[in-house]
Amino acid sequence: MDEVRPCSGAQVVPMFSPPDCRRSTGSVGGLPRQANPLQVTAIVKYWLGGPDPLDYISMYRNMGCAAQEVQEHWHYVSFGLSDLYGDNRVHEVTGADGPSGFGFELTFRLKREVGETAPPTWPAELMQGLARYVFQSENTFCSGDHVSWHSPLDNSESRIQHMLLTEDPQMQPVHTPFGSVSFLQIVGVCTEELQLMREAGGPWLITDMRRGETIFDIDPHLQQEAVDRGIETEGSNLSGVSAKCVWDDLSCPPEDEEDSRSICIGSQPRRLSNKDTEQIRETLRKGLEFNSKTALPPISSQKQSHERPQSRKDSLESESSSAIVPHELVRTRQLESVHLKFNQESGTLLPLCLRGRLLHGRHFTYKSINGDTAITFVSTGVEGAFATEEHPYAAHGPWLQILLTEEFVEQMLGDLQELNTREETKLPKEYSWPEKKLKISVLPDSVFDNPLQ
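In the nomenclature of an unreviewed UniProt entry, the chain corresponds to Suppressor of fused homolog from the organism Gouania willdenowi.

This is the structure:
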């Protein structure tokens, strides 16, 4: 349970504080230097057995910026995903050169309604929910990630039911004695906007829960065709998503349920090694940069200085250590035939993956939210991939890479055309290319939520 209170002198002082927005951007107005902002504070701290990972969320009144047409809003900043103490009570100490805790904090900007004298507290619970996911799964967020919430963020009747994550436009990464911290801003979006992976909210990405129109309703000149043309000509900067997905090796059917040649979402999924996980994260991070290179980071045999030490999850689950495959024992396997399975939301991103990424010589990764399964589509122009034109399907543990030629991508786009519609598709849907030994199924969420059914 949380309580709201002003910041007290007895409160633990964090190792960073929200900066003046005028610092490096040259903008004026922005985040005020409030000496005593309201905070939503966890009554029982996480390190004392409480349920909420964030120690507190500070809530600032931001006057906006008339010159940039930024409206007045409430600015929320979390404290707890990074290391606030440096004594191992919550996060493993990594030193000043590594990430502080998970290496980031969350922020959120909510439009201030007329007559509103205090910030609503529901964004704080939203941030606690995202933080619980990070602590429990050990999956961190990156700029460009999206969160499918499928419910109004404030439990109202609002159309704002999903979230995108991007870099906070005012708060630059900071370096503390306990490591570096970046700031990822939550942006509320409609379903239509989520499907297009477009940012909404203006220069500072402020969420307006009373907004009833999508960006297409607000700006009639911004049409679906225009967005499609932009993807066609310039490609997409989205290089990966967390998703409900799974893949199976059809080359040689497993003899029993425990045969590890079938990667599934069962009770004992094999895990990616730390180095594989870091490579996928680097792939996502680099792919989101506007000038990113079309190359996958190599799997290094040397431990990187920025690599996180053994996670809490690994150390707490020693009884399942048999499911962890040491990196040096995992060999890259060439597969003859594969079956990809996605839920509907993930499946609708396949055309974007093919048209916006692969046809532009780039790559796209689906990272399963139910385990360590990952599926990366690569084009022939991507360097560092272990899938090749000779062996287009290759697996490194639970990470599958699929190399698709331009000709095959064009063929798939024609066959998957119905996935472009915003309307609900009757499931299941199956697509098969026997000559390529590739099969794709789009399945109901229940298949992934209840894998034993």
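This is not the end of the story, as more comes after the structure.
Q: What should I look at first to understand the nonpolar core in this one?
A: Side chains that are nonpolar tend, in soluble globular proteins, to be buried together. Of all hydrophobic cores here, the largest spans 34 residues; its most connected members are L340, Y366, I375 and F377. Setting aside chain neighbours within four positions, we find Y366 in contact with V241, A243, C245, F342, S346, L349, L350, T373, A374, I375 and F377.

Q: Help me understand the side chain of Q128 in this model?
A: In this fold, Q128 is placed in helix α1 (residues 122-137). A distance of 3.0 Å separates a polar atom in the side chain of Q128 from the backbone nitrogen of L54.

Q: So what exactly am I meant to see when it comes to the confidence of the model for the chain here?
A: Atom-level detail of predicted coordinates should not be read off regions where pLDDT is low. Per-chain confidence: the chain averages 75 in pLDDT, with 65% of residues scoring 70 or above. Predicted confidence is poor over residues 7-32, with pLDDT under 50, and the contacts of this stretch with residues over four places away or in other chains come to 66 contacts. Low pLDDT, under 50, characterises residues 297-329; the predicted model gives this stretch 56 contacts beyond four residues in sequence or across chains.

Q: Explain the sheet that holds strand β19 (residues 438-443) to me, please; I cannot follow it from the model alone.
A: Here we have 4 strands laid out as an open sheet, ordered β11-β13-β19-β18, and mixed in their pairing. Taken across any chain shown, the strands that pair with only one partner, and hence form the sheet edges, are β11 (245-249) and β18 (429-433). Pairs of neighbouring strands in the sheet enclose a mean axial angle of 15°, with direction left out of account. Note that β18 and β19 share 5 bridges and pair antiparallel. Within the sheet, the bridge partner assigned to K429 lies in β19 and is V442. Strands in contact with helix α9 (residues 406-415) are β18 and β19; relative to β18, the strand with the most contacts, it is inclined by about 150°.

Q: Can you help me understand α9 in this one?
A: The α-helix advances 3.6 residues per turn, and as a result positions three or four apart in sequence lie on the same side. For α9, the complete set of buried residues consists of F408, V409, M412 and L413. Relative to the axis of α9, the buried residues are bounded by an arc of 140° and lie together on one face. Residues of α9 that are buried in the fold lie against α8 (350-357), β18 and β19.

Q: Sorry if this is basic, but what is going on with the packing of α8 against α9 here?
A: Across the interface, α8 lies against α9 with an axial gap of 10 Å and an inter-helix angle of 145°. For α8 against α9, the interelement crossing comes out left-handed. Contact with α8, carried on its side by P351, L354 and R355, involves V409, M412 and L413 of α9 and no other residues of that element. Tallied by class, residues from the contact of α8 with α9 come to 5 nonpolar, no polar and 1 charged.

Q: Looking at this structure, I do not really get the packing of aromatic side chains. What am I missing?
A: Think of a pair of aromatic rings as described by two things: how far the centres are apart, and how the planes are tilted against each other in angle. Within this structure, the stated rule accounts for 13 aromatic pairs. Judged by centre distance (5.2 Å) and plane angle (70°), the ring pair of F364 and Y366 falls under edge-to-face. On the accessibility criterion, Y366 (0% relative accessible area) is buried. Ring centres of Y366 and F377 lie 6.3 Å apart, and the angle between their planes is 75°; on these two criteria the pair is classed as edge-to-face. Here F377 lies in strand β15 (residues 374-378) and Y366 lies in strand β14 (residues 363-368), a separation of 11 residues in the sequence. Ring-pair connections join several aromatic residues into one group, and the members of that group are F342, F364, Y366 and F377.

Q: It is not clear to me how the pairing of strand β5 (residues 99-111) should be interpreted in this structure. Could you clarify?
A: Side-chain positions along a regular strand alternate between the two faces of the sheet. Of all 13 residues making up β5, 12 are buried, and the element is well covered by its neighbours. The pairing of strand β4 (residues 73-79) with β5 spans 5 bridges and is antiparallel. Its bridge partner being in β5, V77 is matched across the sheet by T107.

Q: Can you help me understand the sheet that holds β14 in this one?
A: Strands belonging to one sheet form pairs held by backbone hydrogen bonds; the direction of such a pair is parallel or antiparallel. Spatial strand order, β10-β14-β15-β17-β16-β12: 6 strands in an open sheet with mixed pairing. Only two strands of the sheet have a single neighbouring strand rather than two, namely β10 (240-243) and β12 (332-335). The average angle at which neighbouring strand axes cross in this sheet is 20°, direction not considered. Pairing of β10 with β14 involves 4 bridges; the strand directions are parallel. Residue pairing in the sheet places G240 in a bridge with T365 of β14. Strands in contact with α8 are β14 and β15; relative to β14, the strand with the most contacts, it is inclined by about 155°.

Q: Please explain the environment of C142 as it appears in this structure.
A: Note that C142 resides in the loop between α1 and β6 (146-148). It is 9.1 Å that separates the C-alpha atoms of C142 and F104, two residues lying 38 residues apart in sequence. Residues contacting C142, with those up to four places away along its chain left out, are L165 and L184.

Q: It is not clear to me how unusual backbone geometry should be interpreted in this structure. Could you clarify?
A: Across the chain, the bulk of peptide bonds are trans and the bulk of non-glycine residues have phi less than zero. Backbone torsion omega between L427 and P428 reads 0°, so that peptide bond is classified as cis. By the element assignment, P428 lies in the loop between α9 and β18. A positive phi angle is found at N88, which is not glycine, with a value near 70°. Summarising the element assignment, N88 is placed in the loop between β4 and β5. With a phi close to 60°, N155 is a non-glycine residue in the positive phi region. With respect to the secondary-structure elements, N155 resides in the loop between β6 and β7 (162-167). Residue class for N155 comes out exposed when judged on its relative accessible area of 70%.

Thresholds, definitions, all that
- Residues numbered from 1 in each chain as written.
- Predicted model: local features only at pLDDT ≥ 70, side-chain atom pairs only at ≥ 80, totals over all residues.
- Heavy atoms only, no water.
- Core = buried A, V, L, I, M, F, W, Y, C linked by side-chain atoms within 4.5 Å.
- Buried < 20%, exposed > 50% of the residue type's maximum accessible area, 1.4 Å probe, protein only.
- Contact = heavy atoms within 4.5 Å.
- Helix = DSSP H or I, 4+ residues; strand = E, 2+ residues; numbered from the N terminus.
- Polar contact = N/O pair within 3.5 Å; in protein donor to acceptor, adjacent residues only side chain to side chain.
- pLDDT = per-residue confidence, 0-100.
- Pairing = 2+ DSSP bridges.
- Axes fitted to C-alpha atoms, helices over the stretch in contact; angles between N-to-C directions.
- Arc of directions from axis to C-beta.
- Left-handed = near helix turned anticlockwise from the far one by under 90°.
- Nonpolar A, V, L, I, M, F, W, Y, C, P; charged D, E, K, R; others polar.
- Phe/Tyr/Trp six-rings, centres within 6.5 Å; stacked < 30°, edge-to-face > 60°.

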